[in-house]
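What follows is each chain in one-letter form.
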Amino acid sequence: MSSPAVVFGGPSPEHDVSILTGLQAAHTLAEGGPPVLAIYWAKTGDFFSVDPGLEGEAFLDGTPRGAKELRLVASPGGGFISGKGGLLGKERPLDISGIVNCCHGGPGEDGTLQAAFDLAGLAYTGPGVAAAGVGMDKLAFGGAVAAAGLPALPRALVEPGRAAPWAAPGPYIVKPRFGGSSIGIEVVEDWATACALAGSSVHLRRGAVAEPYRPESYDLNIGVRTWPGLQFSAIERPLRSPGSGEILGYKDKYIGGEGMASAPRELPADIPEALEKGVRDAAASVAILALVRGVARIDFLVDDGNWYVNEVNTIPGSLARYLWVDPAPVPFATLLADLLEEARRRPPFRPDATGADGLLLRSASSIAKKLG
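Residues numbered from 1 in each chain as written. Predicted model: local features only at pLDDT ≥ 70, side-chain atom pairs only at ≥ 80, totals over all residues. Heavy atoms only, no water.

A. Structural context of the pattern of salt bridges. All chains considered together, the criterion is met by 14 salt bridges. The salt bridge partner of Glu91 is Arg71, with a shortest N-O separation of 2.7 Å. With Glu91 in strand β6 (residues 91-93) and Arg71 in strand β4 (residues 68-73), this residue pair connects regions lying 20 residues apart in the sequence. When its relative accessible area of 40% is taken as the criterion, Glu91 is described as partly exposed. Judged by relative accessible area, Arg71 falls into the partly exposed class, the value being 40%. Among the charged side chains, a salt-bridge network with shared partners connects Arg155, Lys175 and Glu211. (Salt bridge = Lys/Arg side-chain N within 4 Å of Asp/Glu carboxyl O. Helix = DSSP H or I, 4+ residues; strand = E, 2+ residues; numbered from the N terminus. Buried < 20%, exposed > 50% of the residue type's maximum accessible area, 1.4 Å probe, protein only.)

B. Region of the structure containing the packing of aromatic side chains. If you walk through the whole model with that rule in mind, you get eleven aromatic pairs. Between Phe8 and Tyr40, the aromatic rings sit 6.0 Å apart at their centres with planes inclined by 40°, giving tilted as the arrangement. Separated by 32 residues along the polypeptide, Phe8 in strand β1 (residues 3-9) and Tyr40 in strand β2 (residues 37-41) bring together distant segments of the chain. Take Tyr40: its relative accessible area is 1%, and that puts it in the buried class. (Phe/Tyr/Trp six-rings, centres within 6.5 Å; stacked < 30°, edge-to-face > 60°.)

C. Fine view of the layout of surface pockets. A volume near 390 Å³ is recorded for the largest pocket. Broken down by class, the residue content of the lining of the largest pocket amounts to eight nonpolar, seven polar and four charged. As a volume, the second largest pocket reaches approximately 340 Å³. Taken together, 15 residues form the lining of the second largest pocket, with Lys68, Glu69, Leu70, Ser82 and Gly83 sitting closest to its centre. When contributions to the lining of the second largest pocket are tallied by element, the ones reaching two or more residues are β3 (47-50), β4, β5 (79-83) and β6. Tallied by class, residues from the lining of the second largest pocket come to five nonpolar, three polar and seven charged. (1 Å grid on protein atoms, 1.4 Å probe; cavity = no way out; pocket = protein on both sides within 12 Å on 5 of 7 lines; lining within 4 Å. Points joined across faces, edges and corners; volume = space filled by probe spheres on them. Nonpolar A, V, L, I, M, F, W, Y, C, P; charged D, E, K, R; others polar.)

D. Region of the structure containing helix α2 (residues 112-120). Listed as buried for α2 are Leu113, Gln114, Ala116, Phe117, Asp118 and Ala120. In the segment just after α2, Gly121 is the residue with positive phi, at about 75°.

E. Spotlight on the sheet that holds strand β8 (residues 156-158). Here we have four strands laid out as an open sheet, ordered β8-β11-β9-β10, and antiparallel in their pairing. A single partner strand is all that each edge strand has here, and the edge strands are β8 and β10 (186-188). Within the sheet, the average angular offset between the axes of one strand and its neighbour, ignoring direction, is 40°. Contacting β8, β9 (172-176), β10 and β11 (208-212), helix α5 (residues 191-200) runs over the sheet at an angle of about 60° to β8. (Pairing = 2+ DSSP bridges. Axes fitted to C-alpha atoms, helices over the stretch in contact; angles between N-to-C directions. Contact = heavy atoms within 4.5 Å.)

F. Structural detail: the sheet that holds β4. Within the open sheet, the seven strands sit side by side as β6-β5-β4-β3-β2-β1-β7. Their pairing is mixed. Whereas interior strands pair on both sides, the edge strands pair on one side only; in this sheet they are β6 and β7 (96-101). Between one strand axis and the next, the sheet turns by 35° as a mean value, whatever way the strands run. Judged from the three bridges that link them, β3 and β4 form a sheet pairing that is antiparallel. Across the sheet, residue Ser49 finds its bridge partner in β4, namely Lys68.

G. Main features of the environment of Ala152. Within the secondary structure, Ala152 is located in the loop between α4 (138-147) and β8. Residue classification places Ala152 among the partly exposed positions, given a relative accessible area of 22%. The spacing of Ala152 and Phe141 is eleven residues in sequence and 9.8 Å in space, taken between C-alpha atoms. Not counting residues within four places of it along the chain, the set of residues in contact with Ala152 comprises Gly142, Val145, Ala146, Tyr308 and Val309.

H. Fine view of helix α7 (residues 273-289). The terminal C-alpha atoms of α7 lie 24 Å apart, and with 17 residues this matches the ideal 24 Å at 1.5 Å per residue to within 8%. Of the residues making up α7, those classed as buried are Leu275, Gly278, Val279, Ala282, Ala283, Val286 and Ala287. Along the long axis of α7, the arc covered by the buried residues comes to 165°, so they all point the same way. Facing away from the buried side of α7, by more than 90 degrees, are the exposed residues Glu273, Ala274, Lys277 and Ile288. (Expected span 1.5 Å × (residues − 1). Arc of directions from axis to C-beta.)

I. Seen up close, empty space enclosed by the protein. In the structure shown here, the tally under the stated rule is five cavities of 30 Å³ or more. The calculated volume of the second largest cavity comes to roughly 80 Å³. In terms of lining residues, the second largest cavity is bounded by Glu109, Gly135, Met136, Lys138, Gly179, Gly180, Glu311, Val312, Asn313 and Thr314. Among the elements of the structure, α3 (129-136) and β16 (306-313) are those that each provide at least two residues to the lining of the second largest cavity. The element best represented in the lining of the second largest cavity is β16, accounting for three residues. Residue classes in the lining of the second largest cavity are distributed as two nonpolar, five polar and three charged.

No statement about biological role is implied by the geometric values presented.
Below you can see the structure in the form of structure tokens.
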């Protein structure tokens, strides 16, 4: 009998947070439902089948005891393969009805894993390849938002030796171009420091972007889900922990035992009606623009009464389950069931070779002549 699977972990700075999200999903799916397959993606890039009832501490030293190695085969009839190959070994693909993708950041959220699932013909939750790529690239997403006419933060590429794009002297926020969470984000005083940081930080090696720093600004987030129809959650205002830094950081978001679900927040946010309407209308536009699928979180920045689209988190921490409190609560079990239903019924990728009818090949002369 086919079973739902949860994939979590991955070679990403958000590896630990992904474990928490994945275990939350696995525990919930296991309550009264069919057997659940828990698939751990190690920091090394290897996949393992693990007990879905494990707690986070089982992964402190890496792959937990009793784990069984898997291979991911990205071809039709492939998928996750268990067992050993060779003359005496037997291999078999796991019978998976749908995958809940709980991998935050890195190749689990940027389209890499999604492409492998597409080639293997696996049903999975969350963004497809194109949506994952746009959502992970802060520069591309910011450009798309601005081109759509939505209020967007001024954002520029940072490289050693690159001239400052703005007349304002600083300070600036420097962020990884490809990354989620708040890992690698720093406030710097001037452009020269931003460029130096881009050349030295391990978190910025794939690229960096900068924005003017707004010390009086605050964040607003809203959840969106696309099955059984387009729906939006209550709006939250994340809160900073006492003694935290200049920006809403990784500690504020995640160091609370349950990932984002235990972070301090005001929910629903106590904001003016006009601001709430503007955020909700913009979120609807972003959901379409960014090809949102599954459950996502759209983040805004509010400064001096003005709001700006900041980013879209296509696989948010705890799958944004904590946001669905108003107007009607959505239990986590329902959220997961809807995600899996969408994964099976609305795949983001369908192979289509329409138009490749051989006419061009029949009319082509010798390749050698064409190269001569």
